[in-house]
Amino acid sequence: MQKTLIVANWKSNKTVSEALEWITQFNKSFTENPDKEIVLCVPFTLIYFLKKILEEQNNNIKLGGQDVSAFGEGAYTGEINSKQLKEVADYVIIGHSERRVNFREDDDTLFKKVKNAFNAGLTPIYCIQDETTPVPDEKVIIAYEPPSSISTFSQEAKADDPDKTEIIGNKITYAHDIAGFLYGGSVTPENVSEFTQKEVISGVLVGGKSLDPDEFIKIYENA
Ligand code: PGA
């Protein structure tokens, strides 16, 4: 059986000292469940720091980036390439709505990012906004996140209907060879199980509620 993936997307939040507070609080009540896996997708400045802490604690939590360069090594000021990211992380979110909208990332650029990430040995978590979003050929994890459900996009955001998510998940898994299908958008401790109990949904991508370690642990426990 595939493990249920609980992925945190911290977005552009937390300093090193705040990340330390988060992990300290998290460790107070976290009990590992062998059927579930946590991935913390954090800002680049925090990945190495958290990697060292997690290694010291000998715990099984995985790390991920929230973006990666479409280019390789070289003269690309400001970019983090997939080889650099793979040194410190196993996963990378690619194609999040916030990057598509705020940074005008198009399918072409995103597919290059996937190719580079995949070749470097990272597992891409590729965000799609609906069933018409193009999906790359590589065997990626798909995260279905309708923009109207993303809590940090709009105060009126509401989680998707789990039955609708299930239908989309079935269509996507039928049409593409993917490594998993996640749901993301206003996931809470109260609604997470409505998604994860569906066979086609292999986990969740959590934004706002991942910033609070206690809420995140509740999501992990209820998933
Ligand atoms: P949300 O964000 O959980 O705050 O809705 C999800 C995301 O943007 O990945």
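Whatever comes next refers back to the structure up there.
What this report covers is the structure whose coordinates are included nearby. Please read these numbers as outputs of a predicted model, since none were measured by experiment. (Residues numbered from 1 in each chain as written. Predicted model: local features only at pLDDT ≥ 70, side-chain atom pairs only at ≥ 80, totals over all residues. Heavy atoms only, no water.)

Focus on the overall build of the protein chain
Secondary structure assignment for the protein chain yields 8 helices and 8 strands. A globule of 223 residues ought to have a C-alpha radius of gyration of about 17 Å, and the protein chain, at 16 Å, matches this closely. Dimensions along the principal axes, computed over C-alpha positions, put the protein chain at roughly 45 × 40 × 35 Å. A burial count over the protein chain gives 51% of its 223 residues as buried. Look at the contacts in the protein chain between residues 6 or more apart in sequence, and 68% of them connect residues 24 or more apart. Of the roughly 10,900 Å² that the protein chain leaves accessible, carbon and sulfur atoms contribute 47%. Charge separation in the protein chain, taken as the distance between the mean sites of 23 positive and 35 negative side-chain charges, equals 2 Å. (Helix = DSSP H or I, 4+ residues; strand = E, 2+ residues; numbered from the N terminus. Rg over C-alpha atoms; globule rule 2.2 N^0.38 Å. Buried < 20%, exposed > 50% of the residue type's maximum accessible area, 1.4 Å probe, protein only. Contact = heavy atoms within 4.5 Å. Areas by Shrake-Rupley, 256 points an atom, 1.4 Å probe, with all protein chains shown as cover. Lys, Arg positive; Asp, Glu negative; His and termini not counted. Charge placed at Lys NZ, Arg CZ, Asp CG, Glu CD.)

Some words on the sheet that holds strand β2 (residues 36-41)
If you trace the 8 strands once around the closed barrel, you get β1-β2-β3-β4-β5-β6-β7-β8, paired in parallel fashion. Averaged over all pairs of adjacent strands, the angle between their axes in this sheet comes to 25°, without regard to strand direction. Here strand β6 (residues 141-144) runs beside strand β7 (residues 180-184); their pairing, made up of 4 bridges, is parallel. Paired with Y144 across the strands is Y183, a residue of β7. (Pairing = 2+ DSSP bridges. Axes fitted to C-alpha atoms, helices over the stretch in contact; angles between N-to-C directions.)

A closer look at the pairing of strand β5 (residues 123-128)
Within β5, 5 of the 6 residues are buried, leaving the element largely enclosed by the surrounding structure. Sheet topology note: the strand β4 (residues 91-94)/β5 ladder contains 4 bridges and is parallel. Residue I93 lies in a different strand from β5, and its bridge partner there is I125. Two elements, β5 and β6, share 4 bridges in a ladder whose sense is parallel. Residue pairing across strands places I125 opposite I141, the latter belonging to β6.

Some remarks on unusual backbone geometry
At K14, a position not held by glycine, the phi torsion is positive, near 85°. Relative to the helices and strands, K14 is located in the loop between β1 (4-9) and α1 (16-29). Backbone geometry places R104, a non-glycine residue, at a positive phi of 50°. The residue R104 is located in the loop between α4 (97-102) and α5 (107-119) in this model. R104 sits in the exposed class, given a relative accessible area of 72%.

Observations regarding the packing of aromatic side chains
Applying the stated criterion across every chain, the model contains 10 aromatic pairs. Ring geometry for W22 against F26: centres 5.0 Å apart, planes inclined by 15°, an arrangement best described as stacked. Taken together, the residues span about one helical turn, with W22 and F26 both in helix α1 at a distance of 4 residues. W22 sits in the buried class, given a relative accessible area of 2%. Their ring planes at 50° and their centres at 6.0 Å tell us that W22 and F216 sit as a pair that is tilted. Of the two residues, W22 sits in helix α1 while F216 sits in helix α8 (residues 213-222), which places them 194 residues apart along the sequence. Neither residue differs from the other here; W22 and F216 are each classed as buried. An aromatic cluster of at least three residues, connected via ring pairs, comprises W10, W22, F26, F30, F216 and Y220. The positively charged end of K14 is found above the aromatic ring belonging to W10, 5.5 Å away from the centroid. One cation-aromatic arrangement involves R99 over F103; the distance from NZ or CZ to the ring centre is 4.2 Å. (Phe/Tyr/Trp six-rings, centres within 6.5 Å; stacked < 30°, edge-to-face > 60°. Lys NZ or Arg CZ within 6 Å of the ring centre and 35° of its normal.)

Description of helix α6 (residues 162-175)
For α6, spanning 14 residues, the distance from its first C-alpha to its last is 20 Å, which sits close to the expected 20 Å at 1.5 Å a residue. On its buried face, α6 is in contact with β5, β6, β7 and α7 (192-196). Between the side-chain oxygen at the start of α6 and the backbone nitrogen of D163 there is a gap of 2.9 Å, and the oxygen is on D161. (Expected span 1.5 Å × (residues − 1). Polar contact = N/O pair within 3.5 Å; in protein donor to acceptor, adjacent residues only side chain to side chain.)

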